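Descriptive structure summary
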Amino acid sequence: MNYGYSQEPILHSLSRSCDARSLSDGPSLSRTTGSRGLLRWLWGYFSRSSCFKGRKSKLIQDASKVGNNEEEYDYVIVGGGTAGCVLAARLSEDPSVKVLLIEAGGSGQALLFTRIPVAFSLLFHTKHVWQFYTEPQAGANGRQKFWPRGKMLGGCSSINAQMAQFGAPGDFDRWAEIIGDDAWKWENFQNYFKKFERYTPHPDYPDVDLSLKGKDGPMRIGYFSDVSQVSKDFIKACNKVGIPYSPDFNTSKGTLGVNKIMTYIDETRSRVSSESAYFTKDVLSRSNLRVVINATVTKILTEKVGDEIKAIGVEFAKSKDGPRYRVKSKRDVIISAGAVHSPQILLLSGIGPGAELNKHNIPVVHDLPGVGDNLIDHPVVDVYFRNKNHTAKFVKPQGPLDVIKLVGSILQYYVAQQGAMTTNFGESAAFLRSDDPELFSESDFPSKLNDTTSAPESPDLEIFTTPFAYKEHGDFLFPMDTFAIHTVLLRPKSKGTLRLKSTDPWDSPSMDPNYLSEREDVQKLVRGLRLIFKIAREEPLASHLIHTDTNPLLDHLLHLKSDEELEEVVRERVETLYHPTSTCRMAPLSEGGVVDSHLRVYGVKGLRVCDASVFSEIVSGHTAGATLATAEHLADIIKRENALV
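Residues numbered from 1 in each chain as written. Predicted model: local features only at pLDDT ≥ 70, side-chain atom pairs only at ≥ 80, totals over all residues. Heavy atoms only, no water.

**What about the overall build of the protein chain?**
Secondary structure assignment for the protein chain yields 16 helices and 23 strands. Here the C-alpha radius of gyration of the protein chain, 24 Å, is about what a compact globule of 645 residues would show, namely 26 Å. For the protein chain, the proportion of contacts with a sequence separation of at least 24, taken over those separated by at least 6, is 73%. When the accessible surface of the protein chain is summed, it comes to about 24,100 Å², and 50% of that surface belongs to carbon and sulfur atoms. Once the 76 positive and 79 negative side-chain charges of the protein chain are each reduced to a mean point, those two points are 6 Å apart. (Helix = DSSP H or I, 4+ residues; strand = E, 2+ residues; numbered from the N terminus. Rg over C-alpha atoms; globule rule 2.2 N^0.38 Å. Contact = heavy atoms within 4.5 Å. Areas by Shrake-Rupley, 256 points an atom, 1.4 Å probe, with all protein chains shown as cover. Lys, Arg positive; Asp, Glu negative; His and termini not counted. Charge placed at Lys NZ, Arg CZ, Asp CG, Glu CD.)

**Brief notes about the nonpolar core**
One finds F196, I243, Y264, F279, F316 and L607 to be the most contacted residues of the largest nonpolar core, which totals 147 residues. Of all hydrophobic cores here, the second largest spans 26 residues; its members include V118, V129, V395 and F468. (Core = buried A, V, L, I, M, F, W, Y, C linked by side-chain atoms within 4.5 Å. Buried < 20%, exposed > 50% of the residue type's maximum accessible area, 1.4 Å probe, protein only.)

**Quick word on the pairing of strand 14 (residues 379-386)**
Counting buried residues in strand 14 gives seven out of eight residues, a clear majority hidden from the surface. Bridge count for strand 14 against strand 22 (residues 575-576) is two bridges, and the pairing is antiparallel. Following the sheet pairing, V380 is matched in strand 22 by E575. Direction of pairing for strand 14 relative to strand 19 (residues 482-489): antiparallel, over a ladder of seven bridges. Across the sheet, residue V381 finds its bridge partner in strand 19, namely T487. (Pairing = 2+ DSSP bridges.)

**Details of the side chain of E71**
Here E71 shows up in the loop between helix 3 (53-57) and strand 1 (72-78). At a separation of 3.2 Å, a polar atom in the side chain of E71 contacts the side chain of Y73. Residues in contact with E71, not counting those within four places in the same chain, are K65, V66, K98, R290, V327 and K328. (Polar contact = N/O pair within 3.5 Å; in protein donor to acceptor, adjacent residues only side chain to side chain.)

**Describing unusual backbone geometry**
In this structure, P540 follows E539 across a cis peptide bond, with omega equal to 5°. Tracing the sequence through the fold places P540 in the loop between helix 14 (519-536) and helix 15 (563-573). Positive phi, normally seen in glycine, also occurs at N374, with a value near 60°. Of note, N374 is situated in the loop between strand 13 (366-367) and strand 14. A positive phi angle is found at S582, which is not glycine, with a value near 75°. Mapped onto the elements of the fold, S582 is located in the loop between strand 22 and strand 23 (607-609).

**Observations regarding the sheet that holds strand 16 (residues 461-466)**
Strand order in the open sheet formed by six strands is 7-15-16-19-14-22, with antiparallel pairing between adjacent strands. Both outer strands of the open sheet, strand 7 (257-260) and strand 22, are each paired with one neighbouring strand and no more.

**Remarks on the pattern of salt bridges**
The full count for this structure, using the stated rule, is 37 salt bridges. In this structure, D451 and R433 form a salt bridge, with 3.0 Å as the shortest nitrogen-oxygen distance. Remark: R433 occurs in the loop between strand 15 (428-432) and strand 16 and D451 occurs in the loop between strand 15 and strand 16; sequence separation between them is 18 residues. When its relative accessible area of 11% is taken as the criterion, R433 is described as buried. One connected set of salt bridges, linked through shared partners, spans R90, E93, K195, E632, D636 and K639. (Salt bridge = Lys/Arg side-chain N within 4 Å of Asp/Glu carboxyl O.)

As structure tokens, then:
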């Protein structure tokens with residue numbers, strides 16, 4: 001594999017991540033046997049990093065230090081994920097206000113596997129990730145679907161595939177139309193993408209218009225991830241079938257086209273999360289900012305004076321059976337716990353549909369029907385091909401030789417910032433419309449499907465590549481060298497709900513995204529599959545793939561199936577792209593909205609929500625950027641409000 005970088009800055013040394021103390025904390029190499037034992041030893045050696053000791057020491061682990069009724073803050077932020085870190089950093093820029101952030105997990109940046117771009121899925125089955133499962137999905141053959149969510153500072157920005165595509169301009173015009181506030185229109189809202197962005201030019205991509213990019217934001221974005229030659233040739237094959245090249249998916253020109261994906265990866269080939277970008281040493285040293293980790297918020301505290309309900313603080317605990325602590329807020333409690341936990345916390349606090357609260361004997365503080373409704377996610381279907389080239393499947397070793405390759409690749413990463421460790425995994429992507437006549441001619445696709453896009457220039461399908469294939473979120477890797485192409489439905493019609501299973505804050509809620517309940521969603525994904533088959537047989541991509549391989553694990557014969565058979569393939573294989581949104585939707589109250597255009601919860605003073613749960617509609621792309629921009633926007637809204645006081 002050609003990694004494409006001839007000269008790289010050298011990292012300080014291997015001690016950048018591991019020192020003698022971290023080595024002594026790990027398991028003894030002499031006690032390990034075989035490839036699995038060596039892999040366990042490597043985990044212990046590399047994951048016990050102490051290079052972030054200074055950062056961690058500024059995080060509060062003893063909840064009793066802040067959890068007493070006398071402690072009062074201007075802003076209490078619940079959740080230190082993608083949005084929460086932004087809000088805490090921006091609001092604490094004003095030294096006259098006190099800010100408290102409460103996070104259920106620990107530091108994401110302290111974990112080695114969040115920093116190495118390719119390694120994020122190795123955290124999916126650890127204590128650092130919420131391991132949720134949906135309700136059985138009738139549209140997906142009755143299966144429950146795995147929904148990992150980040151349980152750490154940075155949230156899902158610490159465990160995602162680092163794909164920096166923000167959605168389409170039309171998405172945000174739709175938000176503005178729905179909520180009736182032009183501040184959310186692309187022409188205005190785009191400034192918040194630029195505010196968080198620090199784009200770093202790359203010599204291999206000179207056609208990016210730098211005048212359209214953010215230059216001073218905390219989130220470093222660029223083309224610093226590795227991309228396999230096969231993914232590069234995927235771009236050329238897409239051009240040949242009629243998908244134009246796009247130098248930049250994130251401008252007013254729109255997102256249609258194909259290219260290598262920009263990433264939240266910096267020049268040192270390290271992940272950029274909201275924690276690493278916003279929680280710098282200087283920010284964490286502010287006397288007016290406190291960050292409590294490993295503490296779970298159990299409910300929002302409210303009081304009623306006359307007809308007015310006001311949020312006055314939160315209750316939290318370190319463990320299910322541990323003592324409960326309370327803190328007060330003078331101005332706002334801001335829930336930034338994500339599209340799963342934010343509605344759950346509201347419901348546990350008596351804010352939500354009255355009938356749902358009564359079912360669990362929760363006193364109704366405020367009957368707000370929209371809480372937990374409109375749950376929507378991007379469904380993805382994978383296609384697997386045999387690859388003539390050697391791939392980096394050794395990142396999850398299947399034998400001693402793979403372990404040796406992995407050790408060499410890790411050393412290459414730390415010494416030269418090159419190699420398989422530097423891929424973000426989702427390498428190249430195409431954004432397109434399922435009604436594009438050049439790609440889906442009326443003669444081949446006579447069915448007229450409803451247009452669910454946000455604008456004529458907005459996509460409803462994404463096709464992206466990974467350098468090798470996998471199943472079960474990376475738990476299963478193929479025994480042979482592979483290449484995978486994936487189709488994503490960006491604007492599904494199918495929507496579901498989030499409800500409580502119990503009144504226990506440590507129980508996961510009931511998540512029902514209702515995948516593929518609308519047949520048109522299935523039909524559009526079938527169109528995505530048909531396009532993948534066409535691209536895979538177009539040069540120069542076709543020369544990398546062994547289309548004569550009939551191994552039943554692979555899909556070289558899948559194009560021979562009928563549309564009806566492919567619909568069954570879609571239902572069998574559909575998975576999450578990890579993008580649940582809209583469970584606390586920004587919309588008019590009469591249309592099931594939960595928050596207004598300033599992200600204030602209807603009917604409860606001093607309470608806001610800020611994360612992907614407030615999306616009026618799901619964006620036509622990847623959700624992290626829109627979440628960051630939403631948090632930047634809310635921080636400015638609050639600062640303007642404070643200036644008027």
